[in-house]
Amino acid sequence: MSKILFVLTGADHWTLADGTKHPTGFWAEEAAAPYEAFTAAGHEVVVATPGGVVPTVDRGSLAPEANGGPEGAAKVAATLDAFAQLRTPIRLEDADLAEYDAVFYPGGHGPMEDLAVNADSGRLLTAALGSGKPLAVVCHGPAALLAAVDEDGANAFAGYRVAAFTDAEETQAGLADRAKWLLETRLREAGVDVQAGEPWAPHVVVDRNLITGQNPASSAPLAAEVLKRLS
């Protein structure tokens, strides 16, 4: 059995360009599908958030239209209800990489607010990348990669091939023109090689021990790739 660290956003909003606080948090499917896959395979999951705050689920991610209909929404909600660790997170600041066999970052717009500028998360990501352990990040989760910088401001993930929520998807979702910055653009500016797939279709990119997914639909295939590495 392996022990997997889930690093979730502690934010419950995303501040837009005009100062509006857009309600958000983590995206339900992006936590639920990997949690279900990992625990079904017998692995242990530990949740960490900045300050150890109980993470907020983006209410929009629980809607039927975000889950392929009422049945899918009910399944995701039930999985989150069973995901007891969400209610008892450890402090991200106290997480010791040596205790874990893999690290996973789900998305939602929340990471754009806090993990993108969280130095503790940045250090953990840099260490995880260098450890060779599976490091999996999905959708808006790659916003956290922006905080993985050295003293000179160089990004630890520069030159790595990565999938992340694209500017095209943000535009289609209706928030691009209200955002302070866009994830794909900012990652490219940091030297990260973003490999954009078709909007909303599953798309997973593997580069060494880094496993990334583009969007919510990529969560399950990303989890499957992690399981292959842990087997």
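Residues numbered from 1 in each chain as written. Predicted model: local features only at pLDDT ≥ 70, side-chain atom pairs only at ≥ 80, totals over all residues. Heavy atoms only, no water.

### Notes on the overall build of the protein
Part 1 of the argument: Check the secondary structure of the protein and you find 7 helices and 11 strands.
Part 2 of the argument: Taken along the three principal axes of its C-alpha coordinates, the protein extends 45 × 40 × 35 Å.
Part 3 of the argument: Within the protein, the proportion of its 231 residues that are buried is 53%.
Part 4 of the argument: Here the contacts in the protein between residues at least 6 apart in sequence split such that 74% fall between residues at least 24 apart.
Part 5 of the argument: A total of about 9,400 Å² of accessible surface is found on the protein, and carbon and sulfur atoms cover 52% of it.
Part 6 of the argument: Separation between the mean location of the 16 positive side-chain charges and that of the 31 negative ones in the protein comes to 2 Å. (Helix = DSSP H or I, 4+ residues; strand = E, 2+ residues; numbered from the N terminus. Buried < 20%, exposed > 50% of the residue type's maximum accessible area, 1.4 Å probe, protein only. Contact = heavy atoms within 4.5 Å. Areas by Shrake-Rupley, 256 points an atom, 1.4 Å probe, with all protein chains shown as cover. Lys, Arg positive; Asp, Glu negative; His and termini not counted. Charge placed at Lys NZ, Arg CZ, Asp CG, Glu CD.)

### Description of the pattern of salt bridges
Part 1 of the argument: In total, this model carries 9 salt bridges according to the counting rule given.
Part 2 of the argument: With a closest N to O distance of 3.7 Å, Glu189 and Arg186 form a salt bridge. With a gap of 3 residues between them, Glu189 and Arg186 both fall in helix H6 (residues 183–189), about one helical turn apart.
Part 3 of the argument: The exposed category is assigned to Glu189, whose relative accessible area is 59%.
Part 4 of the argument: Given a relative accessible area of 32%, Arg186 falls into the partly exposed group.
Part 5 of the argument: Residues Arg229 and Glu225 are paired through a salt bridge, measuring 3.7 Å at the closest nitrogen-oxygen approach. Of this pair, Arg229 and Glu225 both sit in helix H7 (residues 219–230), 4 residues apart, which is roughly one turn of the helix.
Part 6 of the argument: Look at the salt bridges and you will find they share partners, linking Arg161, Asp207 and Arg208 into a network. (Salt bridge = Lys/Arg side-chain N within 4 Å of Asp/Glu carboxyl O.)

### Comments concerning the sheet that holds strand S6 (residues 102–105)
Part 1 of the argument: The strand order across the open sheet formed by 7 strands is S5-S4-S1-S6-S7-S11-S10, and the pairing between neighbours is mixed. Every interior strand has two partners, whereas the edge strands, strand S5 (90–91) and strand S10 (204–207), have only one.
Part 2 of the argument: Along the sheet, helix H4 (residues 119–131) contacts strand S1 (3–7), S6, strand S7 (135–138) and strand S11 (210–213); its crossing angle with S6, the most-contacted strand, is approximately 135°.
Part 3 of the argument: Here H7 sits on the sheet in contact with S1, S6, S7, S10 and S11, set at roughly 165° to S11. (Pairing = 2+ DSSP bridges. Axes fitted to C-alpha atoms, helices over the stretch in contact; angles between N-to-C directions.)

### A closer look at unusual backbone geometry
Part 1 of the argument: With phi around 70°, Trp200 is a residue other than glycine that occupies positive phi space.
Part 2 of the argument: Mapped onto the secondary structure, Trp200 falls in the loop between strand S9 (193–194) and S10.
Part 3 of the argument: Its identity is not glycine, yet Arg208 carries a phi of approximately 60°, on the positive side.

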